[in-house]
Amino acid sequence: VTGTEENKQVVRRYLERTLNDGDLSAIEDVVAEDAVVHLPTALEAERGREPLKRFVRELRTGFPDLRIAVELIFGERDRVVVRWVSTQMTHSGPYQGIPPTGRSARITAIDIFRVADGKVQEIWFNLDGLGPLQHLGLVPPEGLSTPGRIRFMLSSAARLAALGTRDSLGRRRRGRTPEGGTAEAARDSDGG
Amino acid sequence: MGTVEENKTYALRIFECFNSGDTSYLENELLAPDFTLYSPTLLEPGGTREVVDFVHSLHHGFPDFQVEIEDVIAEDDKVAVRFRSTSQTHLGPYRAVPPTGRNVTMRGVHLFRFRGENLVDTWMEIDALGGVQQMGVVAPTGIGTLARIRFTLASLVRMAALEARHSIREGRAAKAKQP
């Protein structure tokens, strides 16, 4: 059977180029034009390269120093399974409506890729999106009781308001438009 | 070492335990003494106790919990299982969220590593963010700062109301049980 080893190489290179280097051209190079993409939190699959670009941009806009390491990679037939973890991830840009907190986060993932003819045909991105929100102090951490959660959310809303105010004042001072939203902020930093 | 096909069979049996909520097969047969669990919900890697707690808390939070396996991929001593919940109504407290009554769908991939007839490592990765968004307790993906603040405040009020309702019900149930 040809392919499994090559497929692993394709997937490893894809993840390193996109997530570590922010290299969006890797998506053009490696992913089929009509690839099926299953993104975290989305219940419906999407088609094409655009959702993948959006995903990488959003992550790297929020965490520009993101570094990931592949911990496990294996495959069968046209499937490749990859377990990766972040090794560096500082929140220094807007992420999910959260102005930069300067905090350090961590993310873990187990993704599945379907590869045929040297191209990625389908991706199931499966990662712990809740973890980073907890590390940034936006979602209560594990093990809190409900009253603890409620107190946490109250202080979180206050903190978010303070961060948002500081962020928009800073932008106004620099003469930029306030409240850009994630998509525009992502486009701003899309240098390649 | 077990064969790839044997390992797949073990992996399917693990999911039968997740669905039934009965962990005796895991505790008494499958898990190696040095079994290790890696999950984002654990600050440090866990062992047998953490897996048992995981299954029980799932069934406590979602009494109708059932998942469907969508893909199984194996090589050497490792098996990956991709799944999606088909029935998962939030009727009990789960991870400090009082029951919302909502029906959620969670997707995930778990990885298993076997040694002979034993499971030695498990890596769990569930789309928990998708789940808590569906419960309405965490803001949806792609929201702006102001909307996030509004959401957090509204969610706060809702949590307090849900918690109050839950406590009242628990109190009534406890009273009803008294002889």
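Before any of the text, the structure's been laid out above.
Residues numbered from 1 in each chain as written. Chains lettered and ligands numbered in written order. Predicted model: local features only at pLDDT ≥ 70, side-chain atom pairs only at ≥ 80, totals over all residues. Heavy atoms only, no water.

**Q** Looking at this model, I keep getting lost on the interface of chain A and chain B. Mind explaining?
**A** Quoted interface sizes are often the accessible area lost when the parts come together. Chain A puts 49 residues into the contact, and the matching count from chain B is 51 residues. Put simply, E125 of chain B and R83 of chain A hold a salt bridge, and the shortest N to O gap is 2.9 Å. At the level of secondary structure, the elements contributing two or more residues to the side of chain A that touches chain B comprise α1 (4-20), β3 (67-76), β4 (79-88), β5 (108-116), α4 (130-135) and α5 (146-173) of chain A. Grouping the amino acids of the side of chain A that touches chain B by side-chain chemistry returns 25 nonpolar, 14 polar and ten charged. (Contact = heavy atoms within 4.5 Å. Salt bridge = Lys/Arg side-chain N within 4 Å of Asp/Glu carboxyl O. Helix = DSSP H or I, 4+ residues; strand = E, 2+ residues; numbered from the N terminus. Nonpolar A, V, L, I, M, F, W, Y, C, P; charged D, E, K, R; others polar.)

**Q** Explain the environment of D23 of chain A here, please?
**A** Residue and element names in this part refer to chain A. Note on placement: D23 falls in the loop between α1 and α2 (25-30). Owing to a relative accessible area of 17%, D23 belongs among the buried residues under this scheme. C-alpha separation for the pair D23 and A69, spaced 46 residues apart in sequence, amounts to 16 Å. Those residues in contact with D23 that lie beyond four places of it in its chain are R17 and T18. (Buried < 20%, exposed > 50% of the residue type's maximum accessible area, 1.4 Å probe, protein only.)

**Q** I keep staring at the packing of α5 of chain A against helix α5 (residues 145-177) of chain B and nothing clicks. Help me out?
**A** Helix packing for two helices is described by the angle between their axes and how far apart those axes are. Direction vectors running N to C along α5 of chain A and α5 of chain B enclose 165°, while the axes themselves pass 9 Å from each other. Here α5 of chain A is positioned roughly antiparallel relative to α5 of chain B, judged by the angle of their axes. Note that α5 of chain A runs across α5 of chain B; the crossing there is left-handed. Each of T146, R149, I150, M153, L154, S156, A157, L160, A161 and G164 of chain A in α5 of chain A lies in contact with α5 of chain B, whose residues at this interface are T145, R148, I149, T152, L153, S155, L156, M159, A160 and E163 of chain B. Of the residues belonging to the contact of α5 of chain A with α5 of chain B, the class tally is eleven nonpolar, six polar and three charged. (Axes fitted to C-alpha atoms, helices over the stretch in contact; angles between N-to-C directions. Parallel < 35°, antiparallel > 145°, perpendicular 65-115°, else oblique. Left-handed = near helix turned anticlockwise from the far one by under 90°.)

**Q** What's the story with the sheet that holds strand β1 (residues 31-38) of chain B in this structure? I'm lost.
**A** Pairing between the strands of a sheet is mediated by backbone hydrogen bonds and can be parallel or antiparallel. Residues and elements named next belong to chain B. Sheet architecture is open: five strands sit in the order β1-β5-β4-β3-β2, paired in mixed fashion. Each edge of the open sheet is held by one strand with a lone partner, namely β1 and β2 (66-75). Shown here is a sheet whose adjacent strand axes are inclined to one another by a mean of 20°, direction ignored. Strands in contact with helix α3 (residues 48-61) are β1 and β5 (118-126); relative to β1, the strand with the most contacts, it is inclined by about 60°. (Pairing = 2+ DSSP bridges.)

**Q** Help me understand the pairing of strand β4 (residues 107-115) of chain B in this model?
**A** Where a strand is regular, its side chains alternate between the two sheet faces. Residues and elements named next belong to chain B. With seven of nine residues buried, β4 is to be regarded as a mostly interior element. Judged from the eight bridges that link them, β4 and β5 form a sheet pairing that is antiparallel. Directly across from R115, in β5, lies its bridge partner N118. Where β4 folds back onto β5 in an antiparallel hairpin, the turn is made up of two residues, including G116, whose phi is positive at roughly 60°.

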